[in-house]
Structure formats: structure tokens, C-alpha cells
Amino acid sequence: MEHRMSVIIPAYNEQDNVAALAEAVRSSLADANIPFELIFVDDGSSDQTWAAISAEAKADSRIRGLRFSRNFGKESAIFAGLRAAKGDCCVVMDADLQHPPETLSRMYSLWKDEGFFIVEAKKRSRGNEKVSYRLFAQLFYGLLKVMSGQDLRNGSDFRLLDRKVVDELNKMPERQTFFRAMSGWLGFKSAVVEFDVAERHAGRTKFSPRRLIKYALSSIASFTAVPMQIVTGVGFAFFIFAVLLGVYTLIQKLTGHSAEGFTTVILLLLLIGSILMISLGIIGYYIARIYEEIKARPRYVLADEIRGQEDDQ
Ligand code: UDP
Ligand code: MG
């Protein structure tokens, strides 16, 4: 079929959203006359998500499912979906209906009629979000922009990719992925559509503050090595300071005022000690990531799969 859209849905404990989402996508794509396949990726859910996906797939042959053997995280689920997708363009969207399916037809026409390879959906408003979450997001995007020059503010994983872009993404070998930035890194002509974040349809968010911080750190590390260069910068600054202080201390000594100030020594020790520890930590973090990469384990392990009817088997 021509110009078919693959919709990829990572789902982790979303049992009450699967049917609603399938229906919403089906009806808005049918209205716009867009042929599609829908790929649910069950990211090791512990509830009835897989049963719900199976039921949907049974009722509609355009719906397929992949099931992970455990929770591997949203990033892995996205990449599993991209690998399985057969459409001429792929859209990744959340299972909780926070990404409005009505946006799909706008994205589709930008791709098909205007020749954009990537259509990124940006949040116009961030919905009902906690102030702390918003501040955290600002800090994260600010840091990322300063360090990598990429402006991902108000971005989301909700985006359409042309087959060419998906093929390139599928070639990227890294284990620790950062979908948003990777698809931007590839280049290609891209457009932006805006959407309003809806309320979550059912269930709760899967990203606890702890998980978010982990995700933020790992995203930064997978996209820029600037933190390690900061370590070098701090080292240089301290070196200059050390030379000045050294000269001053020597002059004091030579002119007979032997250095005094136990307090200064303690303060210097504490300061240098902590900066050293932090620097080691930053470097250690990158080494740990190299270690993870070099093990070259798969990004995910499949426990089950429901293929579509017209699959070439
Ligand atoms: N998700 C996933 N694996 C995870 C966590 C989340 O596949 O380990 C999926 C989840 O089912 C949803 C999407 O990622 O479809 C976004 O998650 P959520 O709505 O909890 O995040 P939020 O919208 O609160 O940022
Ligand atoms: Mg959500």
C-alpha cells in the first residue's frame, strides 16, 4: 500500500488506554483517509496491557504488538517499534492520549504534500503540570542547549519520520539512545506542528522524579561530552589560582612573613577535594556508559509478538 503510516505506541502499564487509543487513532485516520498500521510495544507491563493489545490485534488486522520480556524503558520501546514498522512514514506517540490523534492528519499532510522528512510536534502549552516539573524541564533544556547547542524546549517524542529517516535511525548502533535528539541530529528537512497536551486518559505517569533525573542525565551524557570539558576548564581555572597563590605565599615567605592562616588551608583542601570528587564522578559516569555500550547487549528482548495479517513471513 502506498503512503502508509505506522503509528508506534510505547505502552507500559496502560491497560485502560489501549482500546481508547486504538479507537481514537482509527477514527481520526479513517476520517483523513490515511492507510495505517498500529504497533503497540508493551514495555514489560505488569498489568493487563498485553491482553488488551492482543484483543485489539484480533479485532483489527492493522494492529500489531510487540512484548518485551521486562521493562526496558520508553526509548527501547520506541526503537523496537521503529524497527518493526513497515510504513512509508512512522509516528511515535504516547499511549495515554496526551498526544491528540487529531494532530496525525496535519503531520501526515506536511509529510506527504509538502515533502518534510520530519514533522515534530511541539507542546504549545504544557498542560496541567506541576510547577516543580516545569522548573526541572526548564533547567534540563537550558543545560542541554548551553552544552550541545540543540534547542529541544517543549519538544516531545511525538513526531513523524519519513521512511528514510527511520532507516537511518535503525542503522545507529548505540545502546543508550535519546530519540528526540538523534532524529534531530540526522538533519533532514523538518517542520513543526503545535499541540496542546491533553489530560492523561487513564492511569498515572510512569516517570517518577527519580526516573526523570536519571533520564535527564543519561540524555545529556548520550548527547554531549561537554561536562567532561568543563572538568578541564575548572582544572585550568584552579591552576591559574594556584600559581597566583603560590607566588604570593613565596613572596610572603621570602619577606619574612611566613604564611599564616590555617583556615585558608582547610578551606582550600575542602574545595579542591570536592571539585576533584565531582570531576571523578563525571568522568566515571561517562566511563560507565562506555562500558554499557561496549557490552553491546541488545536494547530490548522480545517475549512475544503479534504480526499483522498481510505480513511477508
Ligand atoms: N512508557 C514506556 N516505558 C516506560 C515508561 C513509559 O513505554 O518505562 C510509555 C508510557 O506507557 C506512555 C509514554 O511512555 O505511553 C509516556 O509515559 P507517561 O505518560 O507516563 O509520561 P509523561 O506523559 O507523564 O511524561
Ligand atoms: Mg503521559
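Before reading further, recall that the structure is shown in the block above.
Draft legend 1. Structural context of the site of ligand 1. As a matter of local geometry, ligand 1 sits amid 18 residues, with Glu14, Asp96, Thr205, Lys206 and Arg211 nearest to it. In this structure, an oxygen atom belonging to ligand 1 sits 2.8 Å away from a main-chain N or O atom of Ala95. If you map ligand 1 onto the pockets, it falls in the largest pocket. Looking at the shell around ligand 1, its residues break down into 6 nonpolar, 4 polar and 8 charged.

Draft legend 2. View of a nonpolar patch on the surface. A surface patch of nonpolar side chains, amounting to about 590 Å² of accessible area, comprises Phe239, Ile240, Val243, Leu244, Val247 and Ile251. Inspection of the secondary structure puts Ile251 in helix H9 (residues 226-254). Exposure remark for Ile251: the relative accessible area of 48% places this residue in the partly exposed category.

Draft legend 3. Structural context of the coordination of the magnesium ion (ligand 2). Protein-derived ligands of the magnesium ion (ligand 2) are Asp96 (OD) and Gln98 (OE1), with the metal-ligand distances lying across 1.9 to 2.0 Å. Given a relative accessible area of 22%, Gln98 falls into the partly exposed group.

Draft legend 4. Spotlight on helix H2 (residues 49-59). Every buried residue belonging to H2 is among Thr49, Trp50, Ala52, Ile53, Glu56 and Ala57, and all of these are buried. Each buried residue of H2 lies within a common arc of 160° when the element is viewed along its axis, so the set occupies one face. Summarising the geometry of H2, the exposed residues directed more than 90 degrees from the buried face are Lys58 and Ala59. Buried positions along H2 lie against strand E1 (5-11), helix H1 (18-31), strand E2 (36-42), strand E3 (63-68) and strand E8 (302-306).

Draft legend 5. Main features of the sheet that holds E1. A sheet is described by the order of its strands in space; here 8 strands give the open sequence E7-E5-E6-E4-E1-E2-E3-E8, paired in mixed fashion. On the outer flanks of this sheet lie strand E7 (190-196) and E8, each paired with one strand and no other. Along the sheet, successive strands turn relative to each other by an average axial angle of 20°, direction set aside. Those strands touched by H2 are E1, E2, E3 and E8, and its axis lies near 155° from that of E3. Lying over the sheet, helix H3 (residues 74-84) contacts E1, E2, E3, strand E4 (89-92) and strand E6 (159-162), oriented at roughly 135° with respect to E3.

Draft legend 6. Representation of the pattern of salt bridges within the structure. For the structure on display, the rule yields 18 salt bridges. Across the pair Glu194 and Arg124 runs a salt bridge, and its minimum N-O distance is 3.3 Å. Taken together, the residues span a long stretch of sequence, with Glu194 in strand E7 and Arg124 in strand E5 (residues 118-125) at a distance of 70 residues. Of the residues examined, Glu194 reaches a relative accessible area of 39% and is grouped as partly exposed. The salt bridge partner of Arg163 is Asp167, with a shortest N-O separation of 3.0 Å. One end of the pair is Arg163 and the other is Asp167, both in helix H6 (residues 163-171) and 4 residues apart, which spans about a single turn.

Draft legend 7. Highlighting the packing of aromatic side chains. Across all of its chains, the model carries 11 aromatic pairs by this definition. With a centroid separation of 6.0 Å and 85° between ring planes, the pair formed by Phe79 and Phe179 is classed as edge-to-face. Taken together, the positions of Phe79 in helix H3 and Phe179 in helix H7 (residues 179-185) put the pair 100 residues apart, joining distant regions of the chain. No difference in accessibility class separates Phe79 from Phe179, as the two residues are buried. Ring plane angle 85° and centroid distance 5.4 Å describe the contact between Phe158 and Phe195, whose orientation is recorded as edge-to-face.

Draft legend 8. Structural detail: the layout of surface pockets. If you add up the space inside the largest pocket, you get close to 1,300 Å³. Lining of the largest pocket is provided by 45 residues; of these, Gln98, Tyr133, Thr205, Phe207 and Leu212 occupy positions nearest its centre. Counting only elements with at least two residues in the lining of the largest pocket, the list comes to E1, H3, helix H5 (131-148) and helix H8 (209-223). The class makeup of the residues in the lining of the largest pocket is 19 nonpolar, 11 polar and 15 charged. By volume, the second largest pocket is sized at about 1,000 Å³. Forming the boundary of the second largest pocket are 27 residues, of which Phe72, Ser76, Gln176, Lys214 and Ser218 lie nearest the centre. Those elements that provide at least two residues to the lining of the second largest pocket are H3, H8 and helix H10 (262-295). Classifying every residue of the lining of the second largest pocket by side-chain character gives 7 nonpolar, 7 polar and 13 charged.

Draft legend 9. Just the side chain of Arg289, in detail. As for its position among the elements, Arg289 is in helix H10. It is Glu293 that comes nearest to the buried, bridge-free Arg289 among opposite-charge side chains, at 5.5 Å. A distance of 3.4 Å separates a polar side-chain atom of Arg289 from the backbone oxygen of Ser218. Aside from chain neighbours lying at most four places away, what touches Arg289 is Gln176, Ser218, Ala221 and Ser222.

Cut-offs applied
- Residues numbered from 1 in each chain as written.
- Chains lettered and ligands numbered in written order.
- Predicted model: local features only at pLDDT ≥ 70, side-chain atom pairs only at ≥ 80, totals over all residues.
- Heavy atoms only, no water.
- Near = heavy atom within 4 Å.
- Polar contact = N/O pair within 3.5 Å; in protein donor to acceptor, adjacent residues only side chain to side chain.
- 1 Å grid on protein atoms, 1.4 Å probe; cavity = no way out; pocket = protein on both sides within 12 Å on 5 of 7 lines; lining within 4 Å.
- Sits in = over half its atoms within 2 Å of the grid points.
- Nonpolar A, V, L, I, M, F, W, Y, C, P; charged D, E, K, R; others polar.
- Patch = residues over 30% accessible without salt bridge, like charges linked within 9 Å, V, L, I, M, F, W, Y side chains within 5 Å.
- Areas by Shrake-Rupley, 256 points an atom, 1.4 Å probe, with all protein chains shown as cover.
- Salt bridge = Lys/Arg side-chain N within 4 Å of Asp/Glu carboxyl O.
- Helix = DSSP H or I, 4+ residues; strand = E, 2+ residues; numbered from the N terminus.
- Buried < 20%, exposed > 50% of the residue type's maximum accessible area, 1.4 Å probe, protein only.
- Donors = N, O, S within 2.8 Å, 3.2 Å for Na, K, Ca; no water.
- Arc of directions from axis to C-beta.
- Contact = heavy atoms within 4.5 Å.
- Pairing = 2+ DSSP bridges.
- Axes fitted to C-alpha atoms, helices over the stretch in contact; angles between N-to-C directions.
- Phe/Tyr/Trp six-rings, centres within 6.5 Å; stacked < 30°, edge-to-face > 60°.
- Points joined across faces, edges and corners; volume = space filled by probe spheres on them.
- Lys, Arg positive; Asp, Glu negative; His and termini not counted.

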